[in-house]
Structure formats: C-alpha cells, structure tokens
Amino acid sequence: MTKRRFKWHVMALMGLACLLVGPLGPVALGVPGSWVGEPSGVRVAVAGRATDSERIRPSSEIAAGHRLQSVRWRFSIAPGHRVDAWLCHPAQCIPLSSQQGQSDALAGKSATQPLWFRFRLPDGATAVSVTQLQLIAEFR
C-alpha cells in the first residue's frame, strides 16, 4: 500500500470514528461511563460534629438524564483511629462501613450532581486527619 493510500485509509477510519462517537464521546451515545474525584483531605476534630469534604463535581460533559449505577470509594485514617463516614448526594447520604468499598445504594440518582464525603468522630475519639479521599462514580 502506498503512503498516500495509507493516509487516506487512516483519515477515513478517523472520520468513521467521529460519526460513531460524536462530539461528546461515549456519553453522547448513552453508554456507561465513570468520573473520578479526589477531594482534599479533611481534619475531623470535634466528636459528634460532622465534617464534610469539598464537593466532588462530575465533568460537565455528562449529559442531563444520566443516572448513577454504583460508586466506589476509599479514604485513609491513621491506624488506631475511627470515624463514622458517609458518602452524600444531594438526595441521600449512605453510610460507609469501611475505608474502601463499593455500593449501588445511590443507583438511579442523577449522575450530574456533586457528591461528597461526610465524617464524624465517635464520642470520646481524638481528632484525626482523613486523607487520600477518592471516589469513582459509574453512570449510565
């Protein structure tokens, strides 16, 4: 195959890909996708008082109408410390039973809304920093 003919084949394939995927990528086709957020860590200092992370906002490329399917999370605290933890959506907060996990409890909620972590020290616990926060939201 000549160099010129090869170049034409490559351009034709790229054009076909653009027609199939469209200007917004896979989201425009309604196919599953995900977004990742890594908010800054927080210091939880007062027992019984909730401390929220910054809001984790999805990419603006997610079209309205997409719904969450599942969420995965992780965070770290110093060994020997404990916090009560939740993952929140404007419509609902779900309790997190461990420092990492996955849940479909927010399935059906809008994927275009922000999510955030909420932490609270149990009574008698000492202040602790919660670090390495990460959230992966899968949607359709």
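Refer to the preceding data block for the structure.
What you are looking at is a predicted structure, and each value in this text was computed from that prediction instead of being measured.

**Let's talk about the packing of aromatic side chains**
Scanning the entire structure with this criterion turns up three aromatic pairs. Between Phe75 and Phe117, the ring centres sit 6.4 Å apart and the planes meet at 70°, which makes this aromatic pair edge-to-face. With Phe75 in strand E4 (residues 68-76) and Phe117 in strand E8 (residues 116-120), the pair connects residues that are 42 residues apart, well separated along the chain. A relative accessible area of 6% means that Phe75 is categorised as buried. Ring geometry for Phe75 versus Phe119: centroids 5.1 Å apart, planes at 70°, classification edge-to-face. Of this pair, Phe75 sits in strand E4 while Phe119 sits in strand E8, placing them 44 residues apart in sequence. Taken individually, Phe75 and Phe119 each receive the classification buried, so the pair is uniform in this respect. Linked through ring pairs, Phe75, Phe117 and Phe119 together constitute an aromatic cluster.

**Quick look at the nonpolar core**
Core analysis: the largest hydrophobic core is formed by 27 residues, its most contacted members being Phe75, Phe117, Phe119 and Val130. Considering every element that reaches this core, the biggest residue donor is strand E9 (residues 128-139), with six residues. In this structure, Val130 is in contact with Gly41, Val42, Val44, Phe75, Ser76, Ile77, Val83 and Phe119, ignoring residues within four places of it in sequence.

**Structural notes on the state of the cysteines**
Counting across every chain of the model gives one disulfide. Each sulfur in the disulfide pair Cys88 and Cys93 lies 2.1 Å from the other. A torsion of 110° about the S-S bond marks the disulfide between Cys88 and Cys93 as right-handed. The class of Cys88 is buried, set by a relative accessible area of 0%.

**Digging into the sheet that holds strand E5 (residues 84-89)**
Taken together, the four strands give an open sheet; going across it, the order is E3-E8-E5-E6, and neighbouring strands pair in antiparallel fashion. Here the strands that pair on one side only, and so sit at the sheet edges, are strand E3 (51-52) and strand E6 (92-96). When E5 meets E6, the two strands line up antiparallel, connected through five bridges. The residue bridging His89 from the neighbouring strand is Gln92, located in E6.

**Here's the deal with unusual backbone geometry**
Positive phi, normally seen in glycine, also occurs at Gln132, with a value near 50°. Note that Gln132 resides in strand E9. Taking relative accessible area as the criterion, Gln132 reaches 57% and is therefore assigned exposed.

**Some remarks on the pattern of salt bridges**
Here the structure, examined in full by the defined rule, presents five salt bridges. Note that Arg82 and Asp84 form a salt bridge whose closest N and O atoms lie 3.4 Å from each other. Looking at Arg82, the relative accessible area reads 53%, which means it is exposed. Across the pair Asp84 and Arg120 runs a salt bridge, and its minimum N-O distance is 3.5 Å. You can see Asp84 sitting in strand E5 and its partner Arg120 sitting in strand E8, a full 36 residues away along the chain. Exposure remark for Arg120: the relative accessible area of 30% places this residue in the partly exposed category. Within this structure, Asp52, Arg55 and Arg118 form a network of salt bridges that share partners.

The rules behind each value
Residues numbered from 1 in each chain as written. Predicted model: local features only at pLDDT ≥ 70, side-chain atom pairs only at ≥ 80, totals over all residues. Heavy atoms only, no water. Phe/Tyr/Trp six-rings, centres within 6.5 Å; stacked < 30°, edge-to-face > 60°. Helix = DSSP H or I, 4+ residues; strand = E, 2+ residues; numbered from the N terminus. Buried < 20%, exposed > 50% of the residue type's maximum accessible area, 1.4 Å probe, protein only. Core = buried A, V, L, I, M, F, W, Y, C linked by side-chain atoms within 4.5 Å. Contact = heavy atoms within 4.5 Å. Disulfide = S-S within 2.5 Å. Pairing = 2+ DSSP bridges. Salt bridge = Lys/Arg side-chain N within 4 Å of Asp/Glu carboxyl O.

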